[in-house]
Amino acid sequence: MLLHLRSRLLNPSFSSVLNASSRPTPTPSSLSFRASISQKPNSHYASAAKSSRPSPISEAAQFVRTVLFVPPGVDPDEVTEDMVLPGSNIVIGPYAGDAKIKEVDFVKSSNRPKDCPKDDRPEFAMLGRSNVGKSSLINFLVRKKDVALTSKKPGKTQLINHFLVNRSWYIVDLPGYGFANAPESARMDWSSFTKGYFLNRETLVSVLLLIDASVPPQKIDLDCANWLGRNNIPMTFVFTKCDKMKGGKGRRPDQNIQDFQELIRGNYRQHPPWIMTSSVTGLGRDELLLHMSQLRNYWDNE
């Protein structure tokens, strides 16, 4: 069963993932946690992925440890295919819980990391290239139009924007990177502005690194992922625009995702969590929120 899943994840069929996304999402008991998925996983993630069994391990067990994202509270040797969220490599465990968004409120925009809210609520940071569909994904997750600013013109987000969800946790909309045509007055040094937020924000549960699945892997995305990994910043790869093929030409989204994963796999002992989404078709919304609740609940109880 796991070997079948291995084939599906390493050679994803976009149409089959779309069909799978319509299946009901598992709903375990309660949820939230922090897991670092850098080249040197933190103690919680490392302990969750350790095996108490002697070597050598089976092919299925090796697959679980290297390809799937196994959260704390889950024994890798007990992972089954139905524990993996459709369109992702994410295993759902005992920290997963209520993932519904009941209300969302804009709190503030900050032009410096030290000006961000200081109320100790956990937060998820949205990061990606300026035209990756970041604002669309936020609006898609909260199911409200124009919660985050959307525009056909990239580079509109120039501040750190905090949105309070259910009065208990934040979605943070960060400035996009890789857009050089913003007005001179609005340009910023991404290295000193956003990186300062990542390195000093103690309430950061995870970075949701958005990757445009409609285009081949981009060097700037790989560089960003590698920087986050080197600095032990927890991250989840969120593939956007999974319904698109640029002008009907070129490689399909699932092929681009597979290529990106191959490049990432060489830099990580354990593969970071990833998930496919589309703000147009609804693909991945409930699954991503369930994953976020799992991370959040563990973080709250850490």
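Just above, that's the structure.
Not measured: the values here are computed from a predicted model.

Novice: Got a minute to help me understand the overall build of the protein chain in this structure?
Specialist: The number of helices and strands found in the protein chain is nine helices and seven strands. The proportion of buried residues among the 302 residues of the protein chain is 53%. Relative to all contacts within the protein chain whose residues are 6 or more apart in sequence, the contacts with residues 24 or more apart total 76%. Element-wise, carbon and sulfur atoms account for 48% of the exposed surface of the protein chain, whose accessible area totals about 13,700 Å².

Novice: Honestly, the sheet that holds strand S2 (residues 123-128) in this entry has me stumped. Any pointers?
Specialist: Two orientations exist for strands paired in a sheet by backbone hydrogen bonds: parallel and antiparallel. The mixed open sheet is built from seven strands, whose spatial order is S1-S3-S4-S2-S5-S6-S7. Lying at the two open borders of the sheet, with one neighbouring strand each, are strand S1 (104-110) and strand S7 (274-276). Taken over all neighbouring pairs, the strand axes of this sheet differ in orientation by 25 degrees on average, direction set aside. Where S1 and strand S3 (residues 160-165) come together, six bridges link them in antiparallel fashion. When the sheet's bridge partners are listed, Ser109 is paired in S3 with Asn161. Packing against the sheet, helix H7 (residues 219-230) makes contact with S2, strand S5 (204-212) and strand S6 (235-240), and its axis sits at approximately 165 degrees to S5. Its contacts with the sheet put helix H8 (residues 253-265) on S5, S6 and S7, and the angle it makes with S6 is roughly 160 degrees.

Novice: Any chance you could explain the pattern of salt bridges here in plain terms?
Specialist: Here the idea is simple: oppositely charged side chains can pair when their charged atoms come close. Under the defined criterion, the tally for this structure stands at twelve salt bridges. Arg252 is paired through a salt bridge with Asp254; the nearest N and O atoms lie 2.7 Å apart. Among the residues examined, Asp254 registers a relative accessible area of 3% and is labelled buried.

The rules behind these values
Residues numbered from 1 in each chain as written. Predicted model: local features only at pLDDT ≥ 70, side-chain atom pairs only at ≥ 80, totals over all residues. Heavy atoms only, no water. Helix = DSSP H or I, 4+ residues; strand = E, 2+ residues; numbered from the N terminus. Buried < 20%, exposed > 50% of the residue type's maximum accessible area, 1.4 Å probe, protein only. Contact = heavy atoms within 4.5 Å. Areas by Shrake-Rupley, 256 points an atom, 1.4 Å probe, with all protein chains shown as cover. Pairing = 2+ DSSP bridges. Axes fitted to C-alpha atoms, helices over the stretch in contact; angles between N-to-C directions. Salt bridge = Lys/Arg side-chain N within 4 Å of Asp/Glu carboxyl O.

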